[in-house]
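Take a look at the letters that make up each chain.
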Amino acid sequence: MLTNMGPQGWWPAETKPEIILGAILVQNTNWQNVEKSLANLRDATALVPVAIGQLADAELKQFIKPSGFFTNKARAIRAVWHFFEQYQWNYQLIVAEYGNHLRERLLDITGIGPESADVLLVYVFDVPVFIADKYARTLFSFLTGQSYRDYQALKNSIDWPPEFSQLEAKELHGLIDEFGKVYLKNEVVFEKSFLGQRIRQITVDD
């Protein structure tokens, strides 16, 4: 994928607070809607954490309305902001305090599920883990012929190499999602992709 597509430079954000917002806002919607919400917040706060934290509830909900489920997502943003404010947005301090239990702590925060927690681990805390999102589940389903009923089903099946770096983890997720936007619409489209053709070639050679 990297050879054919090149580096993706993911996550699509300029700062870690923007990544955090995106990880919350993208739940159950598409990125185009997230971009509208982020644009609203950027215009109002320049995405400065303190300014976002000072928004009135009605303002926050209005700004993120394009992403849908704005009441729940506003509640999640408040909870996540409270968590980071306790550590003055010092990401290294958070990693040092929770270590291998950081994912468990993130899952305790309102509005943070398994996928969001892993996105934060990879893109905010620089911890290399596999993000088993919908595109990844579809891709591995086409590759293996197996069905992955939910996020954890795929995540549990991945033998994650211990030497995999956080940069490689970021790149892999970006590649899968960008590949997915084009080639994972259905199995016929996938089979015509460079990856589908490569898999077919390996099968024939075997």
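Residues numbered from 1 in each chain as written. Predicted model: local features only at pLDDT ≥ 70, side-chain atom pairs only at ≥ 80, totals over all residues. Heavy atoms only, no water.

Novice: Explain the nonpolar core here, please?
Specialist: Where a protein is soluble and globular, its nonpolar side chains tend to be buried together. Formed by 59 residues in total, the largest nonpolar core has its most connected members in Ile20, Leu21, Ile77, Phe84, Leu106 and Phe125. Among the elements that make up this core, the one with the highest residue count is helix H6 (residues 70-86) (seven residues). Setting aside anything within four residues of it in sequence, one finds Ile20 in contact with Val80, Trp81, Phe84, Trp89, Tyr91, Leu120 and Val124. (Core = buried A, V, L, I, M, F, W, Y, C linked by side-chain atoms within 4.5 Å. Buried < 20%, exposed > 50% of the residue type's maximum accessible area, 1.4 Å probe, protein only. Helix = DSSP H or I, 4+ residues; strand = E, 2+ residues; numbered from the N terminus. Contact = heavy atoms within 4.5 Å.)

Novice: What is the right way to read empty space enclosed by the protein from this model?
Specialist: Taking a probe equal in size to a water molecule and rolling it over the atoms shows the remaining empty space. Here the structure, examined in full by the defined rule, presents one cavity of 30 Å³ or more. Lining the largest cavity, in full, are Val129, Phe130, Ile131, Trp160, Ala169, Leu172 and His173. Of the residues belonging to the lining of the largest cavity, the class tally is six nonpolar, one polar and no charged. (1 Å grid on protein atoms, 1.4 Å probe; cavity = no way out; pocket = protein on both sides within 12 Å on 5 of 7 lines; lining within 4 Å. Points joined across faces, edges and corners; volume = space filled by probe spheres on them. Nonpolar A, V, L, I, M, F, W, Y, C, P; charged D, E, K, R; others polar.)

Novice: How should the packing of helix H2 (residues 16-25) against helix H3 (residues 31-45) be read in this particular structure?
Specialist: It is the contact of H2 with H3, at a shortest axis distance of 10 Å, that shows an interaxial angle of 135 degrees. When the interaxial angle is binned, H2 and H3 end up oblique. Taken as a pair, H2 and H3 cross one another with a handedness that is right-handed. Together, Glu18, Leu21, Gly22 and Leu25 of H2 and Trp31, Val34, Ser37, Leu38, Leu41 and Arg42 of H3 make up the contact between the two elements. (Axes fitted to C-alpha atoms, helices over the stretch in contact; angles between N-to-C directions. Parallel < 35°, antiparallel > 145°, perpendicular 65-115°, else oblique. Left-handed = near helix turned anticlockwise from the far one by under 90°.)

Novice: Whenever I open this one, the packing of aromatic side chains confuses me. Can you help?
Specialist: Note on aromatic pairs: each is described by the distance of the centres and the angle between the planes. On inspection of all chains with the given rule, the structure shows 20 aromatic pairs. Judged by centre distance (4.7 Å) and plane angle (75 degrees), the rings of Trp160 and Phe164 are edge-to-face. The exposure class of Trp160 is partly exposed, given its relative accessible area of 22%. Ring centres of Phe179 and Tyr183 lie 4.8 Å apart, and the angle between their planes is 40 degrees; this geometry places the pair in the tilted category. Taken as a pair, Phe179 and Tyr183 lie in helix H12 (residues 166-183) at a separation of four residues, close to a single helical turn. By relative accessible area, which is 0% here, Phe179 ends up buried. Taken together, the ring pairs connect Trp81, Phe83, Phe84, Tyr87, Trp89, Tyr91, Tyr98 and Phe125 into an aromatic cluster. Positioned above the aromatic ring of Tyr91, the side-chain terminus of Lys16 is 5.1 Å from the ring centre. (Phe/Tyr/Trp six-rings, centres within 6.5 Å; stacked < 30°, edge-to-face > 60°. Lys NZ or Arg CZ within 6 Å of the ring centre and 35° of its normal.)

Novice: What am I meant to see in the layout of surface pockets here?
Specialist: Its volume calculated, the largest pocket comes out at about 710 Å³. Broken down by secondary-structure element, the contributors of at least two residues to the lining of the largest pocket are H3, helix H9 (114-123), helix H10 (134-144) and H12. For the lining of the largest pocket, the element with the highest residue contribution is H12, accounting for four residues. A breakdown of the residues in the lining of the largest pocket according to their chemical character gives nine nonpolar, eight polar and six charged. A volume near 160 Å³ is recorded for the second largest pocket. Together, Val95, Gly99, Asn100, Leu102, Arg103, Glu104, Leu121, Val127 and Val129 line the second largest pocket. With three residues, the top contributor of residues to the lining of the second largest pocket is helix H8 (residues 102-107). Taken together, the residues that form the lining of the second largest pocket break down as five nonpolar, two polar and two charged.

Novice: Mind showing me how you'd approach the environment of Leu195 here?
Specialist: Secondary-structure assignment places Leu195 in helix H14 (residues 194-205). Sequence separation of Leu195 and Asn4 is 191 residues, and the distance between their C-alpha atoms is 9.1 Å. In this view, Leu195 contacts Met1, Leu139, Phe179 and Phe190; residues no more than four positions away in its chain are not counted.

Keep in mind these numbers describe shape, not what the thing actually does.
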